[in-house]
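Chain by chain, the residues run as shown.
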Amino acid sequence: MTAVPSPRQAFDDIALCLVFFTRLPLPVFDFRDRSLASAIWAAPVAGLAVALIGAVVYAVGTRLGLAAGPTAALALASTLLATGCLHEDGLSDVADGFGGGKTREKKLEIMRDSRIGAYGACALGLSLLLRWSVLSEFATSAQVLFALVAAHAGSRGLLGAFMYLLPPARDDGLSAGAGSVSAETAVLGAVLGALALLALGIGGAVAAIILLSLLFTAFRALCLNQIGGQTGDTVGALQQLGEIAILLVASVSLS
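Residues numbered from 1 in each chain as written. Predicted model: local features only at pLDDT ≥ 70, side-chain atom pairs only at ≥ 80, totals over all residues. Heavy atoms only, no water.

Chemist: So, the overall build of the chain: which residues are in play, and what are the values?
Modeler: A count of helices and strands for the chain gives 13 helices and 0 strands. Reading the secondary structure of the chain in the N-to-C direction produces α-α-α-α-α-α-α-α-α-α-α-α-α. Radius of gyration (C-alpha) of the chain: 18 Å, near the 18 Å computed for a compact globule of 255 residues. Considered along the principal axes of its C-alpha atoms, the chain spans approximately 50 × 45 × 35 Å. The long-range fraction of contacts in the chain, counting pairs at least 24 apart against all pairs at least 6 apart in sequence, stands at 76%. Accessible surface computed for the chain: about 11,400 Å², of which carbon and sulfur atoms make up 69%. (Helix = DSSP H or I, 4+ residues; strand = E, 2+ residues; numbered from the N terminus. Rg over C-alpha atoms; globule rule 2.2 N^0.38 Å. Contact = heavy atoms within 4.5 Å. Areas by Shrake-Rupley, 256 points an atom, 1.4 Å probe, with all protein chains shown as cover.)

Chemist: Tell me about the side chain of T71, and please be specific about residues and values.
Modeler: Along the chain, T71 falls in helix α4 (residues 68-83). Owing to a relative accessible area of 1%, T71 belongs among the buried residues under this scheme. Setting aside anything within four residues of it in sequence, one finds T71 in contact with Y58, G61, T62 and L66. (Buried < 20%, exposed > 50% of the residue type's maximum accessible area, 1.4 Å probe, protein only.)

Chemist: Let's hear about the pattern of salt bridges: which residues, and what values?
Modeler: One pass over the structure, following the stated rule, counts 6 salt bridges. Taking the shortest distance from any N to any O, the salt bridge between D13 and R34 comes out at 2.8 Å. On the criterion of sequence distance, the pair formed by D13 in helix α1 (residues 7-21) and R34 in the loop between α1 and α2 (36-39) is long-range, its members being 21 residues apart. You can call D13 buried: its relative accessible area is 0%. Classification of R34 as buried rests on a relative accessible area of 12%. Salt-bridge contacts for K106 lead to E109; the nearest nitrogen and oxygen are separated by 3.6 Å. You can see K106 and its partner E109 sitting in helix α6 (residues 104-112), 3 residues apart, about one turn around the helix. Note on K106: relative accessible area 37%, which makes it partly exposed. Salt bridges sharing partners connect three or more residues here, namely E88, R131 and E243. (Salt bridge = Lys/Arg side-chain N within 4 Å of Asp/Glu carboxyl O.)

Chemist: Go over the side chain of D233, please, and point to the residues and values.
Modeler: Mapped onto the elements of the fold, D233 is located in helix α13 (residues 232-253). When sequence neighbours within four positions are dropped, the list of residues in contact with D233 reads D89, G90, L91, D93, V94 and M111.

Chemist: Tell me about the packing of aromatic side chains, residues and numbers included.
Modeler: In the structure shown here, the tally under the stated rule is 3 aromatic pairs. Ring centres of F20 and F21 lie 5.0 Å apart, and the angle between their planes is 85°; on these two criteria the pair is classed as edge-to-face. Among the residues examined, F21 registers a relative accessible area of 3% and is labelled buried. Note on F162 and F219: the rings are 5.7 Å apart at their centroids and 25° apart in plane angle, and the pair reads as stacked. Of this pair, F162 sits in helix α9 (residues 159-165) while F219 sits in helix α12 (residues 201-227); the two residues are 57 residues apart in sequence, bridging distant segments of the chain. Judged by relative accessible area, which is 0%, F162 ranks as buried. Accessibility expressed as a relative area gives 6% for F219, which makes it buried. Among the aromatic residues, those joined into a ring-pair cluster are F162, F216 and F219. (Phe/Tyr/Trp six-rings, centres within 6.5 Å; stacked < 30°, edge-to-face > 60°.)

Chemist: Can you break down helix α8 (residues 141-156) residue by residue, with the values?
Modeler: Relative to the 22 Å expected for 16 residues at 1.5 Å per residue, α8 spans 22 Å between its end C-alpha atoms, a close match to the ideal helical length. With 12 of 16 residues buried, α8 is to be regarded as a mostly interior element. Those residues of α8 not exposed but buried are Q143, V144, A147, L148, V149, A150, A151, H152, A153, G154, S155 and R156. (Expected span 1.5 Å × (residues − 1).)

Chemist: How would you summarise the layout of surface pockets if you had to cite specific residues and measurements?
Modeler: Unoccupied space between atoms shows up once a probe the size of one water molecule is rolled over them. When its volume is computed, the second largest pocket comes out at roughly 230 Å³. In this structure, the second largest pocket is lined by 13 residues; those nearest its centre are G157, L158, A190, L212 and S213. Secondary structure elements with two or more residues in the lining of the second largest pocket: α11 (183-196) and α12. Tallying contributions element by element places α12 first for the lining of the second largest pocket, with 5 residues. Of the residues assigned to the lining of the second largest pocket, the class counts are 8 nonpolar, 5 polar and no charged. (1 Å grid on protein atoms, 1.4 Å probe; cavity = no way out; pocket = protein on both sides within 12 Å on 5 of 7 lines; lining within 4 Å. Points joined across faces, edges and corners; volume = space filled by probe spheres on them. Nonpolar A, V, L, I, M, F, W, Y, C, P; charged D, E, K, R; others polar.)

Here is the structure:
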């Protein structure tokens, strides 16, 4: 892939990411020769769509006079419905696998199990609690919009780089089947994600980039140590961790 996809390729990539990362009722697309690996740069665009859904729900709830807590919960629920809890599933599987497995093989086996354990349940609970608590503290719909755009698009900007820098931990599965991500694709996605962070203001964007860099480095090292690479579940878990980190920055920079 070239550093910048052609307009036709860009359309295909955006459509592919919307189909893969959301459950929106979209028409059937012909992606031609595009793969998830080549299209992953557009993941922040899918994140933007999810963010706008959550922001609209929050604005409607506010207009109807609902209190901040329930409105934030409805906005969060709308983003979960929009994605089909795709990344939440990854977070819970990684928590169960890394927390409950003794060997690399056992960790990978647990991560493939559809049942959720104590580690996964606690990880999901904390993720939902942290995200809800931030959203419920904002005073205006505009603050929620900026926070959601930064969090959903910015966190998905990490995914291509993560897949590029870590080998698949399995010979099969979602990550292995997605193909190899090129350096250009990883950089383009990271740039789009960084641009989305400007919704937090210059200071907030810089703080978020620093925090995300530390998070990315630590989680990459953890995955290498635990399972020797990355899987679709670890990619989803990274998105969740990144979303939470950005929202925490937003709680300071947008207040």
